Every structure is written in structure tokens, then in C-alpha cells.
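# Survey of secondary and tertiary structure
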Amino acid sequence: MDWITEIKTDENAALRQLYASYKGDCIGWLTSKGNVQLVDAKEIFQTAVVILYDNVMSGKLTELNSNIKSYLIGICKNKAYELFRAQKKTSTTDEFPTVRSYIMEGVEEKQALEGRIDALTAALNKLGDPCRLLLQLFYYKKMSMDEITAQMAYKNASTTKNLKYKCIKRLQLAMVGHKQEKG
Amino acid sequence: MKLTEQDIDLIDAYLAGELSGEDLLAFELRMAGDVEFADEVGMMEALRVGVKRSVLEDKMRLLKQVDSRQSIVDGGIDVDKTSMDHGLSTMDSESKDSVDHGPSTMDSKGKVPGLWKVLAVAASIGVIGFVGSWWMGEMEEKSQYLALEEDIFAYPDLITERSTGEGGNPEAMQFYSLGDYGEALKYFNQAEELDGPTSFYKAISLLKSGEIEDAYLILKVLNLDGFPSDFYKGIIELNSNIDVQNMSQFCKCDLCTEEMLAISKKYCSD
């Protein structure tokens, strides 16, 4: 099965299938050889699948030199395990600390942006859909205004563009509120 | 705070590495000389990372859901296995009882005759079959329920047009159009009277805020042309395991978007 194409075509279905197919292998390795508790092993494996997804979507992974199972176990063994150990050292109230660690890995000037990213993510989640989805489609999936208009069934691209602008303004407002609360 | 739509486009282009030459120089000069603008650029940079994080966290939630579903199924298999074990041990003890106490069903060597063995095995298979089919039915219902939950929450609010000027409650509609349903509800609730369309949007806001019963009460009495009320009513009814009152309208789904049609198709036969 060509998992990269599957992920690009129907991402949620592919991720569900991937998860179900390789859960036993990866979690089995983590719990037996990695000496990781089951609940933590699940979190690591889930993060590994999400990292694979991100690598496919960002274009970092265009073809697999090994099979998908080896690739996933590789992430489980190295990267996700390390991330998990790193996050164990820091106390955080994040819902998904392993994802946060992974995200922050790729950020330059971490210290300057860290607090802002946390606040923005929280504001974005609070804002909900359609803003959240629209911004995800534009900034993460790099979809054009026309493509987003079609997917979200808006009238035209200028409506979508205007909504994107409003969404960013609302996020800005939320950020000001967050600053005031903290200050 | 003075960020214009053009500024956002410009910052997007800069952060995507699409500016070059004079445009890039002008942008960098502006950043160097305008602290507020530089701060906005920082905000937009953080936004891109925050959006990526929100996508990946959504995928984590999806996988956790897959995991909990699998756990339900795994648990079911264990239950089934236990039932099987029970079935077999029942058969064993019955056979044993027959051996120990059966007066005339034993042959002279103390063995259970072949016919009784066959009957005992058949009875056990029957029990296992019954428990299995009951369990399969439960699982089917459970997975349908979970799928419905996904259907309701997988998409924004499934409304094709969002108008901030619609109805007699512009503030509520402003928040509604931005997907801030909680805030929209505050304004909807303040209004003494709501017209039909605004009531519909209030119902959707309630639905998206998890107040499904209240949403249903509104949709049930709403007789409104031009809005897909029957679709939402039907989804809530299916989700609550009660019969869809207006199945034909639910399946017809006249005013549905493609996403909505895809949902209703799953529950409607051709």
C-alpha cells in the first residue's frame, strides 16, 4: 500500500488504518524493549503517527526507503521516545506535550515565540470553526482561496479572504486580552 | 492593531519566503523602523506555528478516538471470550453432572452417550451464537453513535452562507459568522424575541456548544423555508437513537451542502 498517497488522498481514513495496523508492533516494542508504560507508549506511538503525517504534508517525506512499519518503529524508537523523555522533565499542563515539544523543535528563537505560540494556539482553539479550519487550510495545507472557498462552500474567494482577515483580527484581539490578563 | 488586509498579505508573503529584491528590502526596513509592525510580524509568525500545532493536535485527538474505539472492541472480544469460556465450562460441568448423577443416560462403562454430547455442544453453540449476535448488535449501535458524533462535529456548522447582517441580532450573528458559538449564544439569549432565521442560527450555536437538547427543542418547532432544519433534527434524532420523524425530508436534504449530503446518504437507502 502506498501510504504517502493514501495520507494525501484521505488523511483521516489513512491515519485510522495506519494506527490500527501498526499499533501492536510499535507499542509492543516500546513496552517490552523500551520499558515504557502502556499509557505512555500509546502517547508516543500516536505522536509518531502524527509526525509521519506532518512529514508527508510538509513535503519532507515524499517516498519511503524502508517499509512504513520500519519507518514508524524508527520514529517510535528514537524521536518520539526522546521527545517524551524531554517533556517528562518539564512540568506542563498541555493536552499533548509531545506534540508541543515536536512543534517547538522546529522553531527558531524559541524563547521569544514560545509563550506567544502557546497563547495563539489556545486562542485559535477557543475561536473554533470556521476560523480555525479556514486558517488551518490556508497556513498548514497551503490551499488557495479558491480551493478553500470550494471546500467550505463559501460564495466566492473574496468572501473567504475577508473572513480570513476577520479571523486574524479576532485572534489579535484575543492575544491582547491574553497579554492584559498576564500583565 | 492597525494591521490591514494588505499588511497581512505582505507579511504572509514575507514569512513564506516569497518576497525578494526591493520588496524584501522595503519590508525589512519597515520592520526595523516600526516596532508595532515588527510585533505584528511576530504574531503572524507565531500564528503559522500555532495553526500547525492545532492541526497536529486534531490528529492526536483522532488517534485517541481510534484507540478508545479499539479498546471497546478489544473489551468486547474479551467479553465474548469469557462467554465462550462460560459456555464450555457449563458444558463440562453438565457432562460431569451427568457422569456423576445421571441415572439412566450413562452406559454401563460410565460414559455419556454420543447423542447427549452432540446436544450439549449444540446448546453451547446456541448460547455463544446468541451472546455473539447480541454483542455485535451492541457494537454496531455503538459505532454508529460514535460515527454520528463525528458527523456533527467534523465540519464547521455546515451552513453554506454566513451573514453577519441577517436577522435582528447583528452582534450575535457577527460572533456566529466567526464560529464563536459561545459568544453568539450570549447575545442570542439576551434577545427578547428571535425571528425564524436567527432562531435557526441559535439552534446551530447550541448544537455546536453541546447543548443538543435545547437545540432540538428549537429545531422541532421551527417551520422555516430555506434552512436545512430537517437535516439537523434528523442527525440529533439518530444520535439519540430515536426514530427520525421526517425521514423523507432528512434524506431529501434539499438545502444541504455536499458534506451534509454525504452524511445523510449514509443513513438513507436509495
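Right, let's walk through the structure included here. These numbers come from a predicted model, not from an experiment.

### Regarding the overall build of chain A
Assigned secondary structure in chain A consists of nine helices and zero strands. In chain A, the succession of α and β elements from N to C terminus is α-α-α-α-α-α-α-α-α. Expressed as a percentage of its 183 residues, the buried residues of chain A come to 49%.

### Considering the overall build of chain B
The secondary structure content of chain B amounts to eleven helices and zero strands. Counting helices and strands in the order they occur from the N terminus, chain B gives α-α-α-α-α-α-α-α-α-α-α. Here chain B holds 270 residues, and 38% of them are scored as buried. The long-range fraction of contacts in chain B, counting pairs at least 24 apart against all pairs at least 6 apart in sequence, stands at 54%. Of the roughly 15000 Å² of accessible surface on chain B, 55% is carried by carbon and sulfur atoms.

### Overview of the packing of helix α7 (residues 196-208) of chain B against helix α8 (residues 212-221) of chain B
Residues and elements named next belong to chain B. The geometry of α7 relative to α8 is characterised by a closest axis approach of 7 Å and an angle of 160° between their N-to-C directions. Relative to α8, the element α7 lies roughly antiparallel. Pair α7 / α8 crosses with left-handed handedness. Listed contacts from α8 to Ser-199, Phe-200, Lys-202, Ala-203, Leu-206 and Leu-207 of α7 are Ile-212, Asp-214, Ala-215, Ile-218 and Leu-219. Looking at the contact of α7 with α8 residue by residue, the classes come out as eight nonpolar, one polar and two charged.

### Here we look at the environment of Lys-266 of chain B
Residues and elements named next belong to chain B. With respect to the helices and strands, the residue Lys-266 is situated in helix α11 (residues 258-267). The exposure class assigned to Lys-266 is exposed, which follows from its relative accessible area of 52%. Separated by 15 residues in the primary sequence, Lys-266 and Cys-251 place their C-alpha atoms 9.6 Å from one another.

### Some remarks on the packing of helix α2 (residues 11-32) of chain A against helix α3 (residues 38-57) of chain A
In a packed pair of helices, the relevant descriptors are the angle between the two axes and the axis-to-axis distance. All names here are of chain A. Between α2 and α3, whose axes approach to 9 Å, the crossing angle comes to 135°. With respect to their mutual orientation, α2 and α3 come out oblique. Crossing of α2 over α3 shows right-handed handedness. Together, Glu-11, Leu-15, Leu-18, Tyr-19, Tyr-22, Lys-23, Cys-26, Ile-27, Leu-30 and Thr-31 of α2 and Leu-38, Ala-41, Lys-42, Ile-44, Phe-45, Gln-46, Val-49, Leu-52, Tyr-53 and Met-57 of α3 make up the contact between the two elements.

### Thoughts on the state of the cysteines
All names here are of chain A. All told, the structure shown has one disulfide over all chains when counted by the stated rule. Residue Cys-131 pairs covalently with Cys-167 via a disulfide, S to S 2.1 Å. Linking Cys-131 and Cys-167, the disulfide has an S-S dihedral of approximately -80° and is accordingly described as left-handed. With Cys-131 in helix α7 (residues 131-140) and Cys-167 in helix α9 (residues 157-182), this pair connects stretches of sequence that are 36 residues apart. Taken individually, Cys-131 and Cys-167 each receive the classification buried, so the pair is uniform in this respect. Left unpaired, Cys-26 is separated from the closest cysteine sulfur, that of Cys-76, by 3.8 Å. Judged by relative accessible area, which is 0%, Cys-26 ranks as buried. Taking the relative accessible area as the measure of exposure, Cys-76 reaches 0% and is therefore buried.

### Brief notes about the side chain of Asp-67 of chain B
Note on placement: Asp-67 of chain B falls in helix α3 (residues 35-101). Exposure remark for Asp-67 of chain B: the relative accessible area of 7% places this residue in the buried category. The residues touching Asp-67 of chain B, leaving out its near neighbours within four places in the chain, are Tyr-19, Lys-23, Lys-42 and Gln-46 of chain A.

### Here's the deal with the side chain of Lys-59 of chain B
Relative to the assigned elements, Lys-59 of chain B resides in helix α3. Discounting residues that sit within four places of it in the chain, Lys-59 of chain B has contacts with Glu-11, Asn-12, Leu-15, Val-50 and Tyr-53 of chain A.

### Regarding the interface of chain A and chain B
If you look at the interface, chain A gives 64 residues, while chain B gives 52 residues. Taken over both partners, the interface formed by chain A and chain B buries close to 5400 Å², and the fraction arising from carbon and sulfur atoms is 61%. A per-residue breakdown of the area chain A buries against chain B is headed by Arg-16, Phe-96 and Tyr-139 of chain A, which together make up 12% of the total. Here chain A is connected to chain B by eleven salt bridges. Between Asp-67 of chain B and Lys-42 of chain A there is a salt bridge, with the nearest N and O atoms lying 2.8 Å from each other. Across the chain A-chain B interface, the total number found is 19 residue pairs in polar contact (both at pLDDT 80 or more). Broken down by secondary-structure element, the contributors of at least two residues to the side of chain A that touches chain B are α2, α3, α5 (97-105), α6 (110-127), α7, α8 (145-152) and α9 of chain A. Here the side of chain A that touches chain B is composed, by residue class, of 33 nonpolar, eleven polar and 20 charged.

### Brief notes about helix α1 (residues 5-15) of chain B
For α1 of chain B, the full list of buried residues reads Asp-7, Ile-8, Ile-11, Asp-12 and Ala-13 of chain B. Just past α1 of chain B, the residue Gly-17 of chain B takes up positive phi, approximately 75°.

### Considerations on the environment of Asp-25 of chain A
All names here are of chain A. Mapped onto the elements, Asp-25 comes out in helix α2. Asp-25 sits 47 residues away from Leu-72 along the chain, and the two C-alpha atoms are 9.4 Å apart. The contact partners of Asp-25, leaving out residues within four places of it in the chain, are Lys-69 and Ile-73.

### Focus: α7 of chain A
All names here are of chain A. Taken across its ten residues, α7 has nine buried, putting it largely inside the fold. Of the residues making up α7, those classed as buried are Cys-131, Arg-132, Leu-133, Leu-134, Leu-135, Gln-136, Leu-137, Tyr-139 and Tyr-140. Phi turns positive, to about 55°, at Lys-142, one or two residues after α7.

Basis of the calculations
Residues numbered from 1 in each chain as written. Chains lettered and ligands numbered in written order. Predicted model: local features only at pLDDT ≥ 70, side-chain atom pairs only at ≥ 80, totals over all residues. Heavy atoms only, no water. Helix = DSSP H or I, 4+ residues; strand = E, 2+ residues; numbered from the N terminus. Buried < 20%, exposed > 50% of the residue type's maximum accessible area, 1.4 Å probe, protein only. Contact = heavy atoms within 4.5 Å. Areas by Shrake-Rupley, 256 points an atom, 1.4 Å probe, with all protein chains shown as cover. Axes fitted to C-alpha atoms, helices over the stretch in contact; angles between N-to-C directions. Parallel < 35°, antiparallel > 145°, perpendicular 65-115°, else oblique. Left-handed = near helix turned anticlockwise from the far one by under 90°. Nonpolar A, V, L, I, M, F, W, Y, C, P; charged D, E, K, R; others polar. Disulfide = S-S within 2.5 Å. Buried area = accessible area lost by both parts, 1.4 Å probe. Salt bridge = Lys/Arg side-chain N within 4 Å of Asp/Glu carboxyl O. Polar contact = N/O pair within 3.5 Å; in protein donor to acceptor, adjacent residues only side chain to side chain.

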